Amino acid sequence: MANFLDLEVDQRFTDSLPADYLTVNMPRQVLEACFSWVETKVPSNPSLVHRSSEFMKELKLEVEDEEAFLKVVSGAVPYPGAKAYAMCYGGHQFGHWAGQLGDGRAINIAELNIGSSNWKFQLKGAGPTPYSRRADGLAVLRSSIREYLCSEAMHHLGVPTTRALSLVTTGDLVPRDIMYSGDVQDEPGAIVCRVSPSFVRFGGFEIFTSRQDVENLTKLTNHVIKEHYPHLGEPSKETYVKFFAEVVDRTKKMIVHWQRVGFVHGVMNTDNMSILGLTIDYGPYGWLEDYNPGWTPNTTDAQHKRYRFGSQASIALWNLVQLANALFPLIEEAKPLEDILENYKKEYLAEYFEMMCAKIGLAERSNLDAQLIDELKELLESSSIDMTIFFRNLSQFEEPNTFLDVVREASYLEDEKFDNFVDSWSSWLHDYAVRLGQEKRSREERIKAMNAVNPKYVLRNYMAQLAIDAAEHEDYSLVDELYQLLLKPYDEQPEMEKWFAKRPDWALNKVGCSMLSCSS
Ligand code: AMP
Ligand code: MG
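The structure presented is a predicted model; accordingly, all values stated were derived computationally and were not measured.

Cut-offs used in this document
- Residues numbered from 1 in each chain as written.
- Chains lettered and ligands numbered in written order.
- Predicted model: local features only at pLDDT ≥ 70, side-chain atom pairs only at ≥ 80, totals over all residues.
- Heavy atoms only, no water.
- Pairing = 2+ DSSP bridges.
- Helix = DSSP H or I, 4+ residues; strand = E, 2+ residues; numbered from the N terminus.
- Near = heavy atom within 4 Å.
- Polar contact = N/O pair within 3.5 Å; in protein donor to acceptor, adjacent residues only side chain to side chain.
- Areas by Shrake-Rupley, 256 points an atom, 1.4 Å probe, with all protein chains shown as cover.
- Nonpolar A, V, L, I, M, F, W, Y, C, P; charged D, E, K, R; others polar.
- Domains from an automatic or database assignment.
- Donors = N, O, S within 2.8 Å, 3.2 Å for Na, K, Ca; no water.
- Buried < 20%, exposed > 50% of the residue type's maximum accessible area, 1.4 Å probe, protein only.
- Buried area = accessible area lost by both parts, 1.4 Å probe.
- Salt bridge = Lys/Arg side-chain N within 4 Å of Asp/Glu carboxyl O.
- Contact = heavy atoms within 4.5 Å.
- Patch = residues over 30% accessible without salt bridge, like charges linked within 9 Å, V, L, I, M, F, W, Y side chains within 5 Å.
- Lys, Arg positive; Asp, Glu negative; His and termini not counted.
- Charge placed at Lys NZ, Arg CZ, Asp CG, Glu CD.
- Phe/Tyr/Trp six-rings, centres within 6.5 Å; stacked < 30°, edge-to-face > 60°.
- Lys NZ or Arg CZ within 6 Å of the ring centre and 35° of its normal.
- Arc of directions from axis to C-beta.

(A) The pairing of strand β7 (residues 90-93), seen in detail. Bridge count for β7 against strand β8 (residues 96-100) is three bridges, and the pairing is antiparallel. Residue pairing in the sheet places Gly90 in a bridge with Gln100 of β8. Taken together, β7 and the strand that follows it, β8, pair antiparallel across an intervening segment of two residues, in which Phe94 is found at a positive phi of about 50°.

Written out as structure tokens, the structure reads:
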């Protein structure tokens, strides 16, 4: 066990990459630099809401001095021996090049060696930086609870993600217009300490290419390869191509996981795409309740639904095309990049198919199963079935008639409306029974395998909102309850059964549940 505040500072990013030569902390274009030195804002009355004891355990860390810990993770004092900085990146937002974005409200407080790994610790909401544009650099409690709980929940679901170490309130009020309707309210300020081996995004490469700054593009790429893809070898055109292929592969795997658990990121802009294929930047994300591939929780995207559940794979590809364009000056040949992107489509479909077969419990796969899966998806959508409940209960399938009642229970439709789908469901369940009969695995083996890919508990939109409502009255018990629940999302946890339930009616059109804006 090591004390969190006694770790070895090893600022690999800032030691090997160019810094902004200015240190004035005001919004501006930052040229020829990967980051700017900044200081965190001192909060007026910081208080710890939660700490991820599980993540601390994984890192073999302990906290010897609570006061000192709080000061560091709230930005009141720097991490001993480290120098804080904000990163420069650009990005395509909603399909359009947005120019420089950067860490507008995220400040890296330290790069620390823990065991044989180097982790970046970053405070989200710790004050303005040169990248804050017209905004304040702060974050509010509701969005911080959402990021804190979800990033840890995703990790325990087996989805690649950045992590969260702690959640604090700052004691400062932060004005926010939650639905961009002109109704500005003061909300409690908060800070999440996020942790990742790297916070570099696709947009980090794009910004240099957009400025025709190949020298710094090369530096950043070489650094990322050396630190995070060392097995690819020394920098060369071939290495850059291999690097791109691996980022494509990791991104694809992340999206397959999102589709498996029903996660909708909500803002898949290229500044929110991690170069390590991690889920990053939890804003207006959501979880599918009724199975609707057209759904996005992000009201800012309500018109075009660019980032809806069913489009995440093609949007990831679009984003990867932007990354390919950004890396092109290093490779100067389109063909190898195009081949990799072409492969993505095939491989994604194959991996998605594997994943769906696993969800319905098929160990041996045949091409005929694709039809069974397509029909299932159509039925889930048309008869408005709760995704998590359906797949979790499917492992208990014995025969079509009894299971039809389970399906009915999982539907958001009224009984009479569901009746319209009874024949189609009976027919699908019959085909499914026949297909299961061809499996060689025992029923027990199948149940075990299905329960390992179909979570029983996810952070349903209304659950996070209940925790937020209580937290705004300084009751953090639900934050802790959900944190504990989501440590073991695949376990039955009978005492927590109340969270294995359909979305309550009150949550259907409630702000924070089905509707979330980027205001955070
Ligand atoms: P997002 O879509 O939330 O990842 O944010 C897009 C960009 O806006 C990023 O560069 C953020 O750092 C920046 N940003 C978002 N909210 C704020 C804020 N309150 N203050 C400063 N910058 C922000
Ligand atoms: Mg972002």
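Resuming the write-up.
(B) Broad picture of the site of ligand 1. Taken together, 17 residues lie near ligand 1, and Gly102, Gly104, Arg133, Gly137 and Asn272 sit nearest. In the model, an oxygen atom of ligand 1 is placed 2.7 Å from a nitrogen or oxygen of the Arg133 side chain. With respect to ligand 1, the backbone of Leu138 contributes an N or O atom lying 3.3 Å from a nitrogen atom. Burial of ligand 1 by the protein chains amounts to 82% of its free accessible area of 480 Å². In terms of residue class, the shell around ligand 1 is made up of four nonpolar, six polar and seven charged. Split by domain, the shell around ligand 1 shows at least three residues from each of two domains, domain 1 (2-202) and domain 2 (230-358).

(C) Focus on the coordination of the magnesium ion (ligand 2). Summarising the metal site, the magnesium ion (ligand 2) is bound by the protein donors Asn272 (OD1) and Asp281 (OD), whose distances to it range over 1.9 to 2.2 Å. Asp281 shares its class with Asn272; the two are buried.

(D) Representation of the side chain of Lys120. Along the chain, the position of Lys120 falls in strand β10 (residues 117-124). Among the polar contacts listed, one links the side chain of Lys120 to the side chain of Asn118, at a separation of 2.8 Å.

(E) The arrangement of the domain arrangement of the protein chain in detail. Its domain assignment divides the protein chain into domain 1 (2-202), domain 2 (230-358), domain 3 (365-438) and domain 4 (461-507). Computed from C-alpha atoms alone, the centre-to-centre distance between domain 2 and domain 4 is 29 Å. Both sides of the domain 2 and domain 4 interface together cover about 440 Å² of buried area, and 25% of this is carbon and sulfur. Our count for the domain 2 to domain 4 interface comes out at two salt bridges. The shortest N-O distance in the salt bridge between Arg503 and Glu289 comes to 3.4 Å. Our count for the domain 2 to domain 4 interface comes out at four residue pairs in polar contact (both at pLDDT 80 or more).

(F) Quick look at the pairing of strand β9 (residues 106-114). For β9, the tally of buried residues reaches nine of nine residues, placing the bulk of the element in the interior. Here strand β2 (residues 8-9) runs beside β9; their pairing, made up of two bridges, is antiparallel. By the bridge assignment, Glu8 is partnered in β9 with Asn113. Pairing between β9 and β10: eight bridges, direction antiparallel. If you follow Glu111 over to β10, its bridge partner there is Lys120. Connecting β9 to the antiparallel partner β10 that follows it, the hairpin turn spans two residues, and Gly115 within it adopts a positive phi of roughly 60°.

(G) A look at the environment of Cys150. Within the secondary structure layout, Cys150 lies in helix α4 (residues 141-157). Separated by 147 residues in sequence, Cys150 and Asn3 have C-alpha atoms that sit 26 Å apart. Every residue in contact with Cys150, bar those within four places of it in the chain, is listed here: Phe263, Tyr282, Tyr285, Trp287 and Leu459.

(H) Representation of a negative patch on the surface within the structure. A cluster of like negative charges, contributed by Asp6, Glu62, Glu64, Asp65 and Glu67, occupies part of the molecular surface. By the element assignment, Asp6 lies in the loop between β1 (2-3) and β2. Under the relative-accessibility criterion, Asp6 is labelled exposed at 56%.

(I) Layout of the packing of aromatic side chains. Taken as a whole, this structure holds 30 aromatic pairs when the rule is applied. Measuring from centroid to centroid gives 6.0 Å for Phe13 and Phe35, while their planes differ by 55°, and the two rings are tilted. Of this pair, Phe13 sits in helix α1 (residues 12-16) while Phe35 sits in strand β3 (residues 35-37); the two residues are 22 residues apart in sequence, bridging distant segments of the chain. Ring centres 5.9 Å apart and planes at 90° place the aromatic pair Tyr462 and Trp506 in the edge-to-face group. Of the two residues, Tyr462 is situated in helix α16 (residues 461-471) and Trp506 in the segment after α17 (477-485); the sequence distance between them amounts to 44 residues. When its relative accessible area of 41% is taken as the criterion, Trp506 is described as partly exposed. Through a chain of ring-to-ring contacts, the aromatic side chains of Phe390, Phe391, Phe397, Phe403, Trp425, Trp428 and Tyr432 assemble into a single cluster. Between Lys83 and the ring centre of Trp37, over which it is positioned, the NZ or CZ distance is 4.1 Å.

(J) Main features of helix α12 (residues 400-409). Among the residues of α12, those classed as buried are Phe403, Leu404 and Val407. Projection of α12 onto a plane perpendicular to its axis shows the buried side chains occupying an angular sector of 115°, all on one side. Those residues of α12 that are exposed and aimed more than 90 degrees away from the buried face are Asn401 and Glu409. Contact partners of the buried residues in α12: α11 (387-394), α13 (415-419) and α14 (422-437).

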